[in-house]
Amino acid sequence: MSTVQGRLRIAVQKSGRLADRSLELIRDAGLKWVKGHNDLLYRVENYPIDLLRVRDDDIPTFVADGVCDLGIVGENVLEEDKNGGATAEVVMPLGFGRCTLKLAVPPTLAYEGPHSLQGLRIATSYPKILRRFLNDNGVQSDTVVMRGAVEVAPRLKLASAICDLVSTGATLEANGLIAKETVFESQAVLIKSPTGPEPELAHLLESIIERMAGVVSSQGAKYVMLNAPRSALDEITAILPGAGAPTVMPLMGRDDAVAVHAVCQEAVFWETLEKLKAAGASAILVLPIEKMM
Ligand SMILES: Nc1ncnc2c1ncn2[C@@H]1O[C@H](COP(=O)(O)OP(=O)(O)OP(=O)(O)O)[C@@H](O)[C@H]1O
Ligand SMILES: O=P(O)(O)OC[C@H]1O[C@H](OP(=O)(O)OP(=O)(O)O)[C@H](O)[C@@H]1O
Ligand SMILES: [Mg+2]
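Here, residues in each chain are numbered from 1, in the same order as that chain's written sequence. Lettering for chains starts from A, numbering for ligands starts from 1, and both go in the order in which the items are written. It should be noted that, the model being predicted, local features are given only for residues of pLDDT at least 70 and side-chain atom pairs only at 80 or more, the latter also being counted only at that level, while totals for whole chains, interfaces and linings use all residues. Hydrogens and water molecules were not included; the side-chain quantities draw on all heavy atoms of the structure.

Some thoughts on the UniProt feature "domain: ATP phosphoribosyltransferase catalytic" (unreviewed entry) in the protein chain
Test applied: UniProt positions are given in the numbering used here, feature names are shortened, and annotations may be inferred rather than shown by experiment. Strands here are runs of E lasting at least two residues and helices are runs of H or I lasting at least four, both read from the DSSP assignment and numbered beginning at the N terminus.
Mapped onto this numbering, the UniProt entry annotates "domain: ATP phosphoribosyltransferase catalytic" (unreviewed entry) at residues 55-213. Within residues 55-213, the helical portion is 25% and the strand portion 28%, while the C-alpha atoms at the span's ends are 24 Å from each other.

A word on the coordination of the magnesium ion (ligand 3)
Rule in force here: Water is not among the atoms examined, so metal sites may look incomplete; donors are the N, O and S atoms within 2.8 Å of the metal, or within 3.2 Å for Na, K and Ca. Summary of the burial criterion: residues with accessible area below 20% of their type's maximum are buried, those above 50% are exposed, and those between are partly exposed, where the area comes from a 1.4 Å probe applied to protein chains only.
Protein coordination of the magnesium ion (ligand 3) is provided by Asp 56 (OD) and Asp 57 (OD), with donor distances spanning 2.1 Å. Residue classification places Asp 56 among the buried positions, given a relative accessible area of 18%. Using a relative accessible area of 37% as the deciding quantity, one classes Asp 57 as partly exposed.

Regarding the side chain of Arg 53
In plain terms, the rule: Each polar contact in these results corresponds to two N or O atoms within 3.5 Å; when the atoms are within protein, one needs to be able to donate a hydrogen and the other to accept it, and residues that are neighboring in sequence are counted only if both atoms are side-chain atoms. Here, two residues are considered to be in contact whenever any of their heavy atoms come within 4.5 Å of each other.
In this fold, Arg 53 is placed in strand S3 (residues 49-54). There is a polar contact of 3.3 Å between the side chain of Arg 53 and the backbone oxygen of Lys 14. In this structure the side chain of Arg 53 is engaged in a polar contact, spanning 2.5 Å, whose partner is the backbone oxygen of Asp 39. If sequence neighbours within four positions are ignored, Arg 53 has contacts with Val 12, Lys 14, Asp 39, Leu 40 and Tyr 42.

Details of the site of ligand 2
To keep it simple, the criterion reads: If even one non-hydrogen atom of a residue comes within 4 Å of a molecule or strand, that residue is called near it. For every accessible area listed, the method is Shrake-Rupley and the probe measures 1.4 Å; residues are considered covered only by the protein chains on display.
Taken together, the neighbourhood of ligand 2 is formed by Arg 17, Glu 151, Asp 164, Leu 165, Val 166, Ser 167, Thr 168, Gly 169, Ala 170 and Thr 171. One of the backbone N or O atoms of Ser 167 is found 2.8 Å from an oxygen atom in ligand 2. Thr 168 places a side-chain nitrogen or oxygen 2.5 Å from an oxygen atom of ligand 2. If ligand 2 stood free it would expose 500 Å²; the protein chains cover 63% of that surface. Take the shell around ligand 2: its biggest share by element is three residues, from strand S9 (residues 161-166).

Examining the site of ligand 1
Applied cut-off: Under the grouping applied here, Gly and all other residues not named as nonpolar or charged are polar, the nonpolar ones being Ala, Val, Leu, Ile, Met, Phe, Trp, Tyr, Cys and Pro and the charged ones Asp, Glu, Lys and Arg. Residue ranges labeled as domains rest on an automatic or database domain assignment.
Taken together, 16 residues surround ligand 1, and among them Gln 13, Arg 17, Arg 55, Asp 57 and Asn 76 come closest. The side chain of Arg 55 places a nitrogen or oxygen atom 2.6 Å from an oxygen atom of ligand 1. Across the shell around ligand 1, the residue classes break down as four nonpolar, seven polar and five charged. In terms of domain composition, the shell around ligand 1 takes at least three residues from each of domain 1 (8-96 + 188-218) and domain 2 (99-185).

Spelled out as structure tokens, the structure:
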């Protein structure tokens, strides 16, 4: 595929677990497109950018080779794809698509540590990451590569253990398997091409990355406003989760109390509000943040 002159390209998963969240992030960064008849390529209307919709396995190569300038992919796929050649650069973690590559065994296998897998067969879709884990632990095992439904391998007597992605653990449980080792922790990441775009598009690329960073950091962040007795100010600001220096303002006609405004980078739970109240805070408001830069 040849690159289109004068347009940036962003690779996203066409369908699957990352597809919707990837488009949502791009939309929140201010890009607009209409779904046309071309399923592979969405043309962005308000910037010279195209969204290339592909299998997630192809995204690292497209970005490493400069066919796409940016891409959104799971760290697990990126890691498995490493081959010593040109690699895409990780720009930032995106906070979604969190999952863990785990080793799991049936209850009939007496597991006492990685050495219990010595000489056994392990089914996985991630042979390279698994091989590295086994080497690091000095274990020699055979791997059976399966593209999906890895969890059925022990029942079919294809393998004695599996190494697959887990998030809720429901699939392992449904297949009677028990997780034993964490092999790799993953989430979706933004990657960029090492070759860089045409010089005229460099500024646009940086601006899109900066906007995406703003969207990611505002996710889960809250703007908290409250009134606090002056005497409890230190205690109250210490309770506010992930807040930098809050803004402290006088309250008209009240020398003993102040208004506190803070951006909390972490989730603000009901428990936090209860603690703030117990410390003397009142009129507590928690507001969502739409954009942050
Ligand atoms: N159970 C899960 N929970 C959260 N994230 C997951 C889970 N399983 C996979 N992921 C993440 O989502 C990515 C895409 O998963 P998906 O199952 O859609 O991939 P796929 O079947 O390989 O899709 P494709 O057709 O694009 O090749 C994975 O590589 C991983 O980073
Ligand atoms: O811990 P859980 O929440 O149960 O999730 C784990 C399952 O999710 C992924 O598969 P997916 O459903 O994406 O299907 P696939 O194997 O066809 O890609 C993974 O391969 C597991 O099978
Ligand atoms: Mg895939």
